[in-house]
Amino acid sequence: MKASIVLVSVLIAVATWWWNNLPRNVHGKASLHRRLQTAFKSIVVGVIVYFSLMAIAMLYLLVTTA
């Protein structure tokens with residue numbers, strides 16, 4: 001179960017990175033600062049999703065175990 005939670009978190013981080021890199025500006029490539037900001041945002045979203053899914057799993061285990 002933990003492996004699937006990690007996989008979902010990584011997929012969410014990659015999806016966030018992809019969404020932030022969609023071409024919205026046709027004036028040129030993004031600067032290094034913008035790329036680092038996008039990477040940081042993607043990592044933060046992945047971490048938030050990971051801990052949210054872990055909290056849901058812990059609540060599930062708390063409810064289902066006697």
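K.L.:
Tell me what's going on with the overall build of the protein chain, and back it up with residues and numbers.
P.N.:
Scanning the protein chain from terminus to terminus reveals two helices and zero strands. A burial count over the protein chain gives 17% of its 66 residues as buried. Accessible area of the protein chain: about 5500 Å², with a carbon and sulfur share of 76%.

K.L.:
Give me helix 1 (residues 2–20): which residues, what numbers.
P.N.:
An α-helical turn contains 3.6 residues, so any two residues separated by three or four positions project in the same direction. Over its 19 residues, helix 1 extends 27 Å from the first C-alpha to the last, a length consistent with the 27 Å expected when each residue adds 1.5 Å. Within helix 1, burial applies to I5, S9, A13, T16 and N20. Relative to the axis of helix 1, the buried residues are bounded by an arc of 75° and lie together on one face. In helix 1, the exposed positions that point more than 90 degrees away from the buried face belong to A3, L7, L11 and W18. Tucked inside the fold, the buried residues of helix 1 contact helix 2 (32–64).

About the thresholds
- Residues numbered from 1 in each chain as written.
- Predicted model: local features only at pLDDT ≥ 70, side-chain atom pairs only at ≥ 80, totals over all residues.
- Heavy atoms only, no water.
- Helix = DSSP H or I, 4+ residues; strand = E, 2+ residues; numbered from the N terminus.
- Buried < 20%, exposed > 50% of the residue type's maximum accessible area, 1.4 Å probe, protein only.
- Areas by Shrake-Rupley, 256 points an atom, 1.4 Å probe, with all protein chains shown as cover.
- Expected span 1.5 Å × (residues − 1).
- Arc of directions from axis to C-beta.
- Contact = heavy atoms within 4.5 Å.

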